[in-house]
Amino acid sequence: MQKFLRHIVTTIITSITILMPAHAQWYQASGSSFIDSSGKKIAKTRATENALKKALLVAGASVSSVQQVVNGLMTKDELSVRASGIVNGFEIVEEQHQDNVVTVTIRADIFPQEKKCFAADYQKRLLVTKTHIKHREQANIGGIYSLDKQIAHQLNAQLQSNTRYMQTQLALSNTTEFARYIDSFEQNKLKDLTRGIANMTQSQFVLYTEITDLSFEQDATNSWKFWQEKILPRNFGLKIHLFDGNTGESFLSEQYHASSPWTYKYREQVDVASNHFQTSPYGLAINRLLEQAVMDLDESLMCQPSQAKIIHADETELLLNIGKKHGVKQGDEFSLLHQENFIANNGQQYSGFNVSPYKVKVTKVTQDTATVTTLEGEILGNIQHNDLAVRY
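The structure contained in this document is the topic of the report that follows.

Reading guide: rules and limits
- Residues numbered from 1 in each chain as written.
- Predicted model: local features only at pLDDT ≥ 70, side-chain atom pairs only at ≥ 80, totals over all residues.
- Heavy atoms only, no water.
- Salt bridge = Lys/Arg side-chain N within 4 Å of Asp/Glu carboxyl O.
- Helix = DSSP H or I, 4+ residues; strand = E, 2+ residues; numbered from the N terminus.
- Buried < 20%, exposed > 50% of the residue type's maximum accessible area, 1.4 Å probe, protein only.
- Phe/Tyr/Trp six-rings, centres within 6.5 Å; stacked < 30°, edge-to-face > 60°.

1. Focus: the pattern of salt bridges
One pass over the structure, following the stated rule, counts 13 salt bridges. The residue Glu 91 makes a salt bridge to Arg 107 at a minimum N-O spacing of 2.8 Å. Of this pair, Glu 91 sits in strand β4 (residues 87-98) while Arg 107 sits in strand β5 (residues 101-110); the two residues are 16 residues apart in sequence, bridging distant segments of the chain. Salt-bridge contacts for Lys 359 lead to Glu 333; the nearest nitrogen and oxygen are separated by 3.9 Å. Here Lys 359 is found in strand β15 (residues 349-365), whereas its partner Glu 333 is found in strand β14 (residues 333-343), with 26 residues between them in sequence. The exposure class assigned to Lys 359 is partly exposed, which follows from its relative accessible area of 38%.

Rendered as structure tokens:
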């Protein structure tokens, strides 16, 4: 049977090699995972998936393709193969176990994917705000009130490590009025709040998050061990709200939920920033949930236009708040948008744009800014400070 399976795998690899263009390239990457109650084999699979994701993203695969490939793995002890147009095959070249962590290094044979949009060239600036715990009384058990800051930290760290399309910054010093505005449907105040935060931090998108559920389930996981204290499953619900910083309008809203055994004693105070909590069943469940949220954010923003604000304007030259660290290069071209706000008949405030007939080209670029001029040296008319330059 093993020989038969090996023959099938070899046939798949050979067939793909024949059918695909001969420009595949090897990429080597490492991934890690904690070894939890599910065992070493599952941890090894997670570490391998993490390494493959990194290799695929470096090679230029889209997020949706990464998900398809990772979910479609055919795993053996030595070799994992996915019969797709992106991955020919990959092999595990090293496996290490240390301090309850397994690290896997893989070498993958990948066909780089054609870019789907120009916007994928640029990183969008995303502000991650402090998480709001919707029902704070649910945090009493364990005293996990600081989970509001910890989730924002973890989410920001995962975005910085695993995304190609966003450059993030973290704002934890102040709690915003987001939760009150969204619960009371005060849309205009929510838009003003978002635009103000985005303008202050030079961000294109603002991410708000809410912890919606920290409750316990009723059925214990160790009920047959009557001499032990009951271990109850604890829920973790998270809702993410992604807003456009220039218009203040909602862009994405997603709800996530996980449940995992709470292995701490009833009156025990828990440090949610500690390694002990991060590697507990509940901490690992939260981490996996955040990984999915990061994938969804990355996929949603991948092909969104990169919008830069005009921070200085004269008749023929503009200065933009986007530069080399966001992916801008000399010679890149932008379209110009003059921003206008208006109030509809229903009293709602909306943001609109007038598209300028002019396109501009980058003539000078620094890490944080780019200088642009019109292609034919025309006078830029009514384009002014805080208008937008967009690359579609």
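2. Regarding the packing of aromatic side chains
Applying the stated criterion across every chain, the model contains eleven aromatic pairs. Arranged with centres 6.5 Å apart and planes meeting at 85°, the rings of Phe 236 and Tyr 282 form a pair that is edge-to-face. Of this pair, Phe 236 sits in strand β10 (residues 233-244) while Tyr 282 is found in helix α8 (residues 281-301), placing the two residues 46 residues apart along the sequence. For the pair shown, Phe 236 and Tyr 282 are each scored as buried. Judged by centre distance (5.2 Å) and plane angle (85°), the rings of Trp 262 and Tyr 282 are edge-to-face. Of this pair, Trp 262 sits in the loop between β11 (250-261) and α7 (275-278) while Tyr 282 sits in helix α8; the two residues are 20 residues apart in sequence, bridging distant segments of the chain. Each member of the pair Trp 262 and Tyr 282 is classed as buried.

All quantities given are derived from atomic positions and should not be read as evidence of function.
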